[in-house]
Number of protein chains: 2
Amino acid sequence: MEKLREPLCEIAQCGLPFALEAMGERWSFMILRAAFNGVRHFEDFLEALGIARNILSNRLSRLVEAGILKREHCADDRRRIEYRLTPKGMDLLPAMLALRQWGEKWQLGVPANPVLCDARDGMPIRPIGITAHDGRALSPDDLTWRERAELEAAVAFEPLRKVL
Amino acid sequence: MEKLREPLCEIAQCGLPFALEAMGERWSFMILRAAFNGVRHFEDFLEALGIARNILSNRLSRLVEAGILKREHCADDRRRIEYRLTPKGMDLLPAMLALRQWGEKWQLGVPANPVLCDARDGMPIRPIGITAHDGRALSPDDLTWRERAELEAAVAFEPLRKVL
DNA sequence: GGTTTTAGGTTGCAACTAGAAACTTAAACT
DNA sequence: AGTTTAAGTTTCTAGTTGCAACCTAAAACC
């Protein structure tokens, strides 16, 4: 764990504060979860989450503004509004699952049910973890920070796979 | 994405609300990040985060209470207190990195620096994602929910790897 | 045209969050 | 013994969050 150290946020360009700015509020992840479960309409979010109307209204607006949800009128019933995940919102699924798995593992006593599985073979997904470029599982001790410049020089020969 | 649906939290035993209960507050992830970067003492958190003393005090207490940090007096200087990550706290690293990578990818304009790398070969880590039991990358469309009972019956022959 | 439905704004109130500054306590240092 | 340091706690203030209940606007339905 000693190796895992970086300058704090004033210096580093760190994505965490930006992520928290968009998703750090109390209901944001629960709304996202509902959206992943197919909830699309205001009243359905309201019922699913037990949240106050004005808070929901405010959060949905913020999530739309952040580009995580998109807001559009239904074609068939134009007073109805659909909130749908954008690609940017979909891309939060690993983070949400990682949080959820952590909650299940450490906070929730019972094994979770239902279990999220691979649709192709029906097997449970692997716990979300940190993996090397070649797929090996990494522990916190296996990690280190490198300057981008240094890194790009080092891999000048082999093509650098897109990271982050 | 249609396949990815589950009963909402009243019915399902979902770990997400539990995770958010512990980590959902505004400064929690930033404190965790500092802890991963080796910050251990009250005054150092204070300086690193620019947070008010009373809020920091409150958050540290909560994180200790949640078992994410442990609080102990230094052996050499017993007025000093060290806050250190517990295994439970360490286990939040994938979730934090996933959030951070998302923030870097979607919110932060510039490529992040420094880059988190595998210490063994110096290559950048793979973006955190969802993988099947055999390591294949999965997209949201590849996911489905299965009842635990059904699943355990189905894999009665092959040993079910520990999940979550 | 009147009613219903959907989405969401407004108001009022209680609780919580956040910050600055001063105070406290215990240990260490001299 | 007196000072300094680390880690808080307390007090006061302002702002935000959250809920309930009611109100509005627009579209659809009859």
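Residues numbered from 1 in each chain as written. Chains lettered and ligands numbered in written order. Predicted model: local features only at pLDDT ≥ 70, side-chain atom pairs only at ≥ 80, totals over all residues. Heavy atoms only, no water.

Draft legend 1. Representation of the side chain of Ser 28 of chain A. All names here are of chain A. Note on placement: Ser 28 falls in helix 2 (residues 28-36). For Ser 28, a relative accessible area of 2% gives the class buried. Excluding its chain neighbours within four sequence positions, the residues that come into contact with Ser 28 are Ala 22, Met 23 and Arg 59. (Helix = DSSP H or I, 4+ residues; strand = E, 2+ residues; numbered from the N terminus. Buried < 20%, exposed > 50% of the residue type's maximum accessible area, 1.4 Å probe, protein only. Contact = heavy atoms within 4.5 Å.)

Draft legend 2. The arrangement of the packing of helix 2 of chain A against helix 6 (residues 93-106) of chain A in detail. All names here are of chain A. At a closest axis distance of 11 Å, the pairing of helix 2 and helix 6 adopts a crossing angle of 110°. On the basis of the axis angle, helix 2 is roughly perpendicular to helix 6. The way helix 2 lies across helix 6 gives a crossing that is left-handed. Side by side, helix 2 and helix 6 meet where Phe 29, Leu 32, Arg 33 and Phe 36 of the first sit next to Leu 93, Met 96, Leu 99 and Arg 100 of the second. Of the residues that constitute the contact of helix 2 with helix 6, the class distribution is 6 nonpolar, no polar and 2 charged. (Axes fitted to C-alpha atoms, helices over the stretch in contact; angles between N-to-C directions. Parallel < 35°, antiparallel > 145°, perpendicular 65-115°, else oblique. Left-handed = near helix turned anticlockwise from the far one by under 90°. Nonpolar A, V, L, I, M, F, W, Y, C, P; charged D, E, K, R; others polar.)

Draft legend 3. Looking closely at helix 6 of chain A. Residues and elements named next belong to chain A. Here helix 6 contains 14 residues, and its C-alpha end-to-end distance of 20 Å stays within 8% of the 20 Å for a straight helix at 1.5 Å per residue. The buried fraction of helix 6 amounts to 12 of the 14 residues, a majority that puts the element mostly inside the structure. Of all the positions in helix 6, only Leu 93, Pro 94, Ala 95, Met 96, Leu 97, Ala 98, Leu 99, Arg 100, Gln 101, Trp 102, Gly 103 and Glu 104 are classed as buried. (Expected span 1.5 Å × (residues − 1).)

Draft legend 4. Structural detail: helix 4 (residues 53-65) of chain B. Residues and elements named next belong to chain B. Between its first and last C-alpha, helix 4 extends 18 Å over 13 residues, near the 18 Å set by a 1.5 Å rise per residue. Those residues of helix 4 that sit buried are Leu 56, Arg 59, Leu 60 and Leu 63. For helix 4, the angular spread of buried residues about the axis comes to 100°, placing them on one side. Seen from the buried face of helix 4, the exposed residues on the opposite side, beyond 90 degrees, are Asn 54 and Glu 65. (Arc of directions from axis to C-beta.)

Draft legend 5. Molecular detail of the protein's contact with DNA strand C. Taken together, 23 residues surround DNA strand C, and among them Ser 57, Arg 71, Arg 79 and Tyr 83 of chain A together with Arg 59 of chain B come closest. Near-protein atoms of DNA strand C (within 4 Å) split between backbone and bases, with sugar and phosphate holding 62%. A distance of 3.3 Å separates a phosphate oxygen of DNA strand C from a polar atom in the side chain of His 41 of chain A. Counting residues per element, the ones that place at least two in the surface near DNA strand C are helix 3 (42-49), helix 4 (53-65) and strand 2 (81-85) of chain A together with helix 4 of chain B. The dominant element in the surface near DNA strand C, judged by the number of residues it contributes, is helix 4 of chain B, at 4 residues. Taken together, the residues of the surface near DNA strand C break down into 6 nonpolar, 4 polar and 13 charged. (Near = heavy atom within 4 Å. Polar contact = N/O pair within 3.5 Å; in protein donor to acceptor, adjacent residues only side chain to side chain.)

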